[in-house]
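So you can see what is in the structure, the chains are spelled out below.
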Amino acid sequence: MFDPLPRLLLTVALSVLIWVIAMSGGNHVFVKEWLGEAYDSQADHFLRGDVGVDVGAIRSEAMIVNGKARMYFGPFPAFLRIPLNFVYPQGRGKWSRLSGFLAGTIALLAFSGLVTSALLKSSLSVSARRLLGIALVFGFVLASPILFLVGNLSIYNEGIVWGLAWSLSAVYFAFRSREVEGSALTRSLFGFSLCSIGALLSRVTFGFPFLIIAPLLALRTRREDRLANLAALFVPLSAGLLCYLLLNYAKFGSFTGATYDFYIDPVHREFAHKHGIFNFNRIPYSLANYFSLAPPSFYFEAPFLRVSRHVLPKSAPFSLPLSEIFLSVPWSSSWLVVGALGGILCLVLPGRANYFQRWVAVALFAEVVLILSYFALAQRYAADLYPFLIFCLVVFLGAGGIALVRMRYLLIGLVAVSIVINSLGTAFWLASDSNLPWETRSFWSVVAGEQQRLLK
């Protein structure tokens, strides 16, 4: 994308920006987020050889199995809490923001690596690669779910931002494994395996596509170093998958853990039991929500952009009558939608993509299908769409040819527009959420230009 030193400086600058977003201005590090102490409680139980959680820590999101509280959230943030609480016990219950910052930074590094590798294969000039690469990484931080997820690190978002980070990292190592040989290949396969398990233990929808991709990577190994490469790929992956399955069985008596039969909330529990957690009939409704072209409300005075929940049709097969998608993907990340459409064309046209790229695209698209068939609609779930969209963008950057040359300024312009819309929309939403800590609402009120309303 550009020389190592400028790239390093840009990465550091954007990491600082992620810190500012996660810490509500940069100086609110140890803040108790909504149900953030649940991961600490689960970590304590893990250390005692138990898979439960204190009911007082998980409260309204508990699953009660045989009179004991369980968590349905992925366990990775709880594993992260174990060393953090050992090093600094005073931070117990307040690690969500540091956790989100780390996840956001890892996601940034993975995305930057993917874009850099793809642009090096493009037909763009060096200066054009540099300009487009800088725009895209800014877009990733400020015009993608990263802004919303890192800006609101409640229990609902922390696992998702980790899932997105590990997912993009696994995609990076999958690409890397196609380009290197020898010990570098072994390290790439090992990195892919670890990141895949991190994604699976953060949120299963992010992790399962890589179980489909792994066998294809195994075909890349050569006879002379096959044993070492297969061990690097499958030993961590198998151990992590076994951990995931056994944890689910210990918690719910099911290896998949895909059940709401024990959920404390009767509305979701009864709906899921009657209509299922996943149902393909929901896909058209979900597409209409996640990819809606209906514009948000713009104003000439602060707050300049206002978003809200909207009522779903009575025929919509979802557990709640409201959609929590306050900003659709085409409005928050138009740059990515256009780039992904270019990548999809490259994937379907003959000679523009290889079998590996098509296989990975199919695996990641399966995640899209799952989230579109899920029984609830929420802004945070849109993050599950992004590994596929980003992968398609990367394919387009590497194989777009003359189309990419002609569209580079369009992509840069769309990044700028998306940053403005996504930043203002996210700011208004977070400033208006009374469930968030005061530090969070105060910071986002300033961003939205409506700090006076908060004071009132």
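Everything discussed here concerns the structure shown above.
Predicted model only: the values in this text are computed from it and were never measured.

S.K.: Hey, could you run me through the packing of helix α8 (residues 155–177) against helix α17 (residues 386–399) in this one?
M.R.: Helix packing geometry: the angle between the two helix axes and the distance between the axes. For the pair α8 and α17, the least separation of the axes is 10 Å and the interaxial angle reads 35°. Pair α8 / α17 crosses with right-handed handedness. Two secondary-structure elements touch here, α8 through Leu164, Ser167, Leu168, Val171 and Phe175 and α17 through Tyr386, Pro387, Ile390, Phe391 and Val394. For the contact of α8 with α17, the residue count by class is nine nonpolar, one polar and no charged.

S.K.: Would you explain the environment of Ala383 in this entry?
M.R.: Inspection of the secondary structure assignment puts Ala383 in the loop between α16 (355–372) and α17. Between the alpha carbons of Ala383 and Val329 there is a distance of 9.6 Å; along the sequence they are 54 residues apart. When neighbours within four sequence positions are excluded, Ala383 is seen to be in contact with Pro145, Leu149, Ile160, Leu164 and Phe206.

S.K.: In this structure, what is going on with the nonpolar core? I would like to understand it.
M.R.: Counting 137 residues, the largest nonpolar core has Phe111, Phe192, Trp335, Leu385, Ile390 and Leu397 as the members making the most contacts within it. If we ignore the near neighbours within four places in the chain, the residues touching Leu397 are Val115, Ala118, Leu119, Ser122, Leu132, Leu136 and Leu404. In terms of nonpolar packing, the next biggest core, distinct from the first, is built from 15 residues, Leu35, Tyr39, Ala62 and Ala69 among them.

S.K.: In this structure, what is going on with helix α5 (residues 96–120)? I would like to understand it.
M.R.: An α-helical turn contains 3.6 residues, so any two residues separated by three or four positions project in the same direction. The end-to-end C-alpha distance of α5 is 36 Å, a good match for the 36 Å that 25 residues give at a rise of 1.5 Å each. Most of α5 sits out of view: 19 of its 25 residues are buried.

S.K.: Sorry, what's going on with unusual backbone geometry here?
M.R.: Negative phi values dominate among residues other than glycine, just as trans dominates among peptide bonds. Look at the link from Ala302 to Pro303: it is a cis peptide, with omega at -10°. Following the sequence through the fold, Pro303 ends up in the loop between β3 (297–298) and β4 (305–306). Even without being glycine, Ser24 reaches a positive phi, approximately 50°. Along the chain, the position of Ser24 falls in the loop between α1 (4–22) and α2 (37–47). Although it is not a glycine, Leu35 adopts a positive phi angle of roughly 60°. Relative to the helices and strands, Leu35 is located in the loop between α1 and α2.

S.K.: Explanation requested: the packing of aromatic side chains in the structure shown.
M.R.: Each aromatic ring pair is described using two quantities: the centre-to-centre distance and the angle formed by the ring planes. This model, assessed by the stated rule, comprises 32 aromatic pairs. Both rings, one in Phe46 and one in Phe79, keep their centres 5.1 Å apart while their planes meet at 25°; by these two values the pair is stacked. Taken as a pair, Phe46 in helix α2 and Phe79 in helix α4 (residues 76–87) lie far apart in primary sequence, 33 residues in all. Both rings, one in Phe175 and one in Phe391, keep their centres 5.5 Å apart while their planes meet at 25°; by these two values the pair is stacked. Taken together, the residues span a long stretch of sequence, with Phe175 in helix α8 and Phe391 in helix α17 at a distance of 216 residues. For the pair formed by Phe175 and Phe391, the shared burial category is buried.

S.K.: I tried to follow α4 on my own but got confused; where do I start?
M.R.: Restricting attention to buried positions, one finds in α4 the residues Phe76, Pro77, Ala78, Leu80, Arg81, Leu84 and Asn85. At its buried positions, α4 is contacted by α2, α5, α8 and α9 (182–202).

S.K.: Help me out: how do you make sense of a nonpolar patch on the surface in this one?
M.R.: Taken together, the side chains of Leu341, Ile344, Leu345, Val348 and Leu349 make up a nonpolar region of the molecular surface, amounting to roughly 440 Å² of accessible area. With respect to the secondary-structure elements, Val348 resides in helix α15 (residues 334–348).

S.K.: Explain the environment of Val204 here, please?
M.R.: You can see Val204 is positioned in helix α10 (residues 204–218). Taking relative accessible area as the criterion, Val204 reaches 35% and is therefore assigned partly exposed. As for Val204 and Thr256, which are separated by 52 residues in sequence, their C-alpha atoms are 9.4 Å apart. Once residues within four sequence positions are removed from consideration, Val204 is found in contact with Ala199 and Tyr244.

Calculation notes
- Residues numbered from 1 in each chain as written.
- Predicted model: local features only at pLDDT ≥ 70, side-chain atom pairs only at ≥ 80, totals over all residues.
- Heavy atoms only, no water.
- Axes fitted to C-alpha atoms, helices over the stretch in contact; angles between N-to-C directions.
- Helix = DSSP H or I, 4+ residues; strand = E, 2+ residues; numbered from the N terminus.
- Left-handed = near helix turned anticlockwise from the far one by under 90°.
- Contact = heavy atoms within 4.5 Å.
- Nonpolar A, V, L, I, M, F, W, Y, C, P; charged D, E, K, R; others polar.
- Core = buried A, V, L, I, M, F, W, Y, C linked by side-chain atoms within 4.5 Å.
- Buried < 20%, exposed > 50% of the residue type's maximum accessible area, 1.4 Å probe, protein only.
- Expected span 1.5 Å × (residues − 1).
- Phe/Tyr/Trp six-rings, centres within 6.5 Å; stacked < 30°, edge-to-face > 60°.
- Patch = residues over 30% accessible without salt bridge, like charges linked within 9 Å, V, L, I, M, F, W, Y side chains within 5 Å.
- Areas by Shrake-Rupley, 256 points an atom, 1.4 Å probe, with all protein chains shown as cover.
- Salt bridge = Lys/Arg side-chain N within 4 Å of Asp/Glu carboxyl O.

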